[in-house]
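Observations on chain architecture
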Amino acid sequence: MMGEDKFDTSPEWVDGETKALEAPGDHRAELRLWLRLLTCSTLVESEIRRRLREEFDSTLPRFDLMAQLERAPDGMVLGEVSKRMMVSPGNITVLVERLTESGHISRTTLPTDRRVQIIALTPFGRAEFEKMAASHADWISDLFAGLPAKEGGVLMDELATLKRSIIASLARNS
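Residues numbered from 1 in each chain as written. Predicted model: local features only at pLDDT ≥ 70, side-chain atom pairs only at ≥ 80, totals over all residues. Heavy atoms only, no water.

1. Some thoughts on the overall build of the protein
Rule in force here: In this description a helix means any DSSP run of H or I spanning at least four residues, a strand means any run of E spanning at least two, and both kinds are numbered starting from the N terminus. Exposure classes here rest on a 1.4 Å probe applied to the protein chains alone. A residue is buried below 20% of its type maximum, exposed above 50%, and partly exposed in between. For this analysis, residues touch if any pair of their heavy atoms sits within 4.5 Å. To be clear on the numbers: accessible area is Shrake-Rupley with a 1.4 Å probe, and residue cover counts the displayed protein chains and nothing else.
Looking only at helices and strands, one finds 7 helices and 3 strands in the protein. Sequence-ordered secondary structure for the protein, helices as α and strands as β, is α-α-α-β-α-α-β-β-α-α. Out of the 174 residues in the protein, the part that is buried amounts to 26%. Considering only contacts within the protein whose residues lie at least 6 apart along the sequence, 50% involve residues at least 24 apart. When the accessible surface of the protein is totalled, it reaches about 11,900 Å², and 57% of it is carbon and sulfur.

2. Remarks on a nonpolar patch on the surface
This is how it is decided: Patch membership needs two things, relative accessible area over 30% and no salt bridge, and members are linked within 9 Å if like-charged or within 5 Å if nonpolar (Val, Leu, Ile, Met, Phe, Trp, Tyr). The rule for a salt bridge is simple: a side-chain nitrogen of Lys or Arg has to be within 4 Å of a carboxyl oxygen of Asp or Glu.
Together, Leu143, Phe144, Leu147, Leu155 and Leu159 give the surface a local cluster of nonpolar side chains, amounting to about 380 Å² of exposed area. You can see Leu143 is positioned in helix α6 (residues 123–143).

3. Notes on the side chain of Thr122
Its location among the elements puts Thr122 in the loop between β3 (113–121) and α6. Using a relative accessible area of 16% as the deciding quantity, one classes Thr122 as buried. The residues contacting Thr122, other than those within four sequence positions of it, are Gly103, His104, Ile105 and Ser106.

4. Examining the pattern of salt bridges
Inspection of the entire model under this criterion finds 10 salt bridges. One salt bridge connects Arg51 with Asp142, and the closest N-O pair in it is separated by 3.4 Å. Separated by 91 residues along the polypeptide, Arg51 in helix α2 (residues 29–56) and Asp142 in helix α6 bring together distant segments of the chain. Exposure remark for Arg51: the relative accessible area of 14% places this residue in the buried category. We note a salt bridge from Arg84 to Glu80, for which the minimum N-O separation is 3.0 Å. Here Arg84 and its partner Glu80 are both found in helix α4 (residues 78–85), 4 residues apart, which amounts to about one turn of the helix. Taken together, the salt bridges that share partners define one network made up of Glu47, Arg50, Arg51, Glu54 and Asp142.

5. Topic: α2
Quick note on the threshold: Each helix should span, by expectation, one fewer than its residue count multiplied by 1.5 Å.
If you check α2, its first and last C-alpha atoms are 40 Å apart, about what 28 residues at 1.5 Å a residue would give, namely 40 Å. Listed in full, the buried residues belonging to α2 are Leu35, Thr39, Ser46, Glu47, Ile48, Arg50, Arg51 and Leu52. Following α2 by one or two positions, Asp57 has its phi on the positive side, about 50 degrees.

6. With respect to the packing of helix α3 (residues 60–70) against helix α5 (residues 89–101)
Note the threshold: Each axis is a line fitted through C-alpha atoms, taken for helices only over the stretch in contact, and angles between the N-to-C directions span 0 to 180 degrees. Each angle gets one of four labels, with under 35 degrees taken as roughly parallel, over 145 as roughly antiparallel, 65 to 115 as roughly perpendicular, and the rest as oblique. Think of it as three bins: nonpolar holds Ala, Val, Leu, Ile, Met, Phe, Trp, Tyr, Cys and Pro, charged holds Asp, Glu, Lys and Arg, and polar takes everything else, Gly as well.
Interaxial distance between α3 and α5 falls to 10 Å at its minimum, and their mutual angle equals 85 degrees. In terms of axis orientation, α3 runs roughly perpendicular to α5. Across the interface between the two elements, Pro61, Arg62, Leu65 and Met66 of α3 pack against Leu95, Val96, Arg98 and Leu99 of α5. Classifying every residue of the contact of α3 with α5 gives 6 nonpolar, no polar and 2 charged.

7. So, the pairing of β3
This is how it is decided: By the convention used here, strands pair only if DSSP detects at least 2 bridges between them.
One ladder, built from 2 bridges, connects strand β1 (residues 76–77) with β3; its direction is antiparallel. Paired with Met76 across the two strands is Ile119, which belongs to β3. Direction of pairing for strand β2 (residues 105–110) relative to β3: antiparallel, over a ladder of 6 bridges. Across the sheet, residue Leu110 finds its bridge partner in β3, namely Asp113.

8. Concerning the nonpolar core
Heads up, the rule is: The nonpolar core is taken to be a set of buried Ala, Val, Leu, Ile, Met, Phe, Trp, Tyr and Cys residues, with the residues joined through side-chain atoms within 4.5 Å.
Within the largest apolar cluster, 23 residues are counted, with the highest numbers of intra-cluster contacts made by Leu52, Leu65, Leu69, Val81, Val96, Ile105 and Ile119. At 6 residues, the largest contribution of residues to this core is made by α3. Beyond its immediate sequence surroundings of up to four residues, Ile119 is in contact with Leu65, Leu69, Gly75, Met76, Leu78, Val81, Val96, Ile105, Ser106 and Arg107.

Here it is in structure tokens:
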């Protein structure tokens, strides 16, 4: 059975990509590509979630919030964090509450507008994030170790082309 952050990699487990490959005539090439991207992304994300939980008693959303704050030494307005992370302000508020309680972040109000909250990593939070970020980089390197550097570069270029195509399509359809 597949858990929240763990993949069942037993032979009985079948992802959407594998099912599409069983009957390729039923699926266009773009759909098969999308399923391959989604499968890779899901495999990596699930493993990162598992390792964050087991090694740091943390979650991926907490890590992502701390990563945003690490890039903003003077802190950020809650609304800006919400936009950057592409999640609702309500979700950010819950994360902020938990990270404030644990001492990872501080929260202050803007002196000129008491409705605006600024959040920032505390020194403790910064030190903890640095440990998590170093491990995260190692985990990604480990997961991608089987991809030769040259092929990784080609893949980056091709994904950049795909990204531009998606952005252009979104612009045409908005």
